[in-house]
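Structural characterization, general
Spelled out, the chains give:
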Amino acid sequence: MNVQNVAEIQKWFSDYCRGFDSDEEDFRRNMTLKEDHTYRVRSNTFKIGQGEDLAPEDMLIAESISLLHDVGRFEQYRQFKTFRDSVSVNHAQLGAKIIEDHEVLSSLLPRERSIINRAVESHNAFSVPGDFSEETQFFLKLIRDADKLDIWRVFIEYFRQPAHERASAAGLDLPDKPKCSPGVLEQVANGEMVRLSAVKTLNDFKLMQLAWVYDLNFSASFALLLERQCIEELAESLPAESLVVKAVEAVLSFAYGKVQKA
Ligand SMILES: [Fe+2]
């Protein structure tokens, strides 16, 4: 795989996005959100990849994954007007199918094609499938970290915006109630990941995103997380209850522990 291959993938992605241009404001906001997200995930990928001393040819694979990882989001939104996979379609699997249908990776070697396909297809899985090769697992971990780091940014901005300016589908249509579910709070305080199925309110959703910190893989990711103050910013809009403070502190101390060990 060479620079030209990635340039072709980038051109394909950009052209593909143009197919979803719209005059309807909310539609446009949701599509722009995902296109911007893609380029920021690419930038995170470079940063984490540099931290891992990734070889230039591997960086090209990682870059391709970042460009393609959310390609299923556009069609998902067009068809279902939501980003919630559980009520529509698994956007990662849809993305892998779109890549195949459009023969986006046809000029790559089978090994490269397989890594990119699997990473796109599984980037949203609850955890990294253990039966993937070590190499595929590495690239999957990389996209998962780069993706999470930008999703935190998206939501920090989302919660700062007045409701009428928000990209409507980003909040997954969850009710903005003042409470957090006790089970979700307990999981976060105990260092556990939270399943989306346990999330009942927008506040639970914030807690679930805080728990993603437990799933980060690379020290550069923890450094970026702390440098950007993602935990503090996300926690800002949570209710100031003692159990919430306890959960947030657990996440913060976990992240600091990871940076100190590195
Ligand atoms: Fe995604």
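The structure displayed is predicted, hence computed values, not measured ones.

As a further point, take the pattern of salt bridges. Going through the model one piece at a time under the given rule, you end up with 16 salt bridges. Taking the shortest distance from any N to any O, the salt bridge between Arg111 and Asp58 comes out at 3.6 Å. One end of the pair, Arg111, is in helix 6 (residues 110-122); the other, Asp58, is in helix 3 (residues 56-68), with 53 residues separating them in the sequence. Given the relative accessible area of 38%, Arg111 is considered partly exposed.

Core analysis: the largest hydrophobic core is formed by 84 residues, its most contacted members being Leu68, Ile116, Trp152, Leu225 and Ile231. No other element matches the 13 residues that helix 7 (residues 134-160) contributes to this core. Mapping this core onto the domain boundaries places at least three of its residues in each of domain 1 (3-148) and domain 2 (174-261). Among all residues touching Ile231, those that are not within four sequence positions of it are Leu210, Val213, Leu225, Val248, Val251, Leu252 and Ala255.

Here the focus is the packing of aromatic side chains. If you walk through the whole model with that rule in mind, you get 17 aromatic pairs. Ring centres of Tyr16 and Phe74 lie 6.3 Å apart, and the angle between their planes is 85 degrees; on these two criteria the pair is classed as edge-to-face. One end of the pair, Tyr16, is in helix 1 (residues 3-18); the other, Phe74, is in helix 4 (residues 72-80), and 58 residues separate them in sequence. Its relative accessible area of 1% is what places Phe74 among the buried residues. Between Phe155 and Phe159, the ring centres sit 5.9 Å apart and the planes meet at 35 degrees, which makes this aromatic pair tilted.

Running from amino to carboxyl end, helix 1 crosses helix 3 at an angle of 5 degrees, the nearest separation of the two axes being 10 Å. In terms of orientation, helix 1 lies roughly parallel with respect to helix 3. Here Val3, Val6, Ile9, Gln10, Trp12 and Phe13 of helix 1 come into contact with helix 3, specifically with Leu60, Glu63, Ser64, Leu67 and Leu68. For the contact of helix 1 with helix 3, a count of residues per class yields 8 nonpolar, 2 polar and 1 charged.

The next subject is the coordination of the iron ion. For the iron ion, every protein donor is listed as Asp70 (OD), His91 (NE2) and His123 (NE2), and the spread of their distances is 2.0 to 2.3 Å. Here the donor residues for the iron ion map to a single chain with the spacing D-x20-H-x31-H. With Asp70 in the loop between helix 3 and helix 4 and His123 in the loop between helix 6 and helix 7, the pair connects residues that are 53 residues apart, well separated along the chain. Both residues of the pair, Asp70 and His123, count as buried.

About the thresholds
- Residues numbered from 1 in each chain as written.
- Predicted model: local features only at pLDDT ≥ 70, side-chain atom pairs only at ≥ 80, totals over all residues.
- Heavy atoms only, no water.
- Salt bridge = Lys/Arg side-chain N within 4 Å of Asp/Glu carboxyl O.
- Helix = DSSP H or I, 4+ residues; strand = E, 2+ residues; numbered from the N terminus.
- Buried < 20%, exposed > 50% of the residue type's maximum accessible area, 1.4 Å probe, protein only.
- Core = buried A, V, L, I, M, F, W, Y, C linked by side-chain atoms within 4.5 Å.
- Domains from an automatic or database assignment.
- Contact = heavy atoms within 4.5 Å.
- Phe/Tyr/Trp six-rings, centres within 6.5 Å; stacked < 30°, edge-to-face > 60°.
- Axes fitted to C-alpha atoms, helices over the stretch in contact; angles between N-to-C directions.
- Parallel < 35°, antiparallel > 145°, perpendicular 65-115°, else oblique.
- Nonpolar A, V, L, I, M, F, W, Y, C, P; charged D, E, K, R; others polar.
- Donors = N, O, S within 2.8 Å, 3.2 Å for Na, K, Ca; no water.

Everything listed here is a matter of geometry and, on its own, says nothing about what the molecule does.
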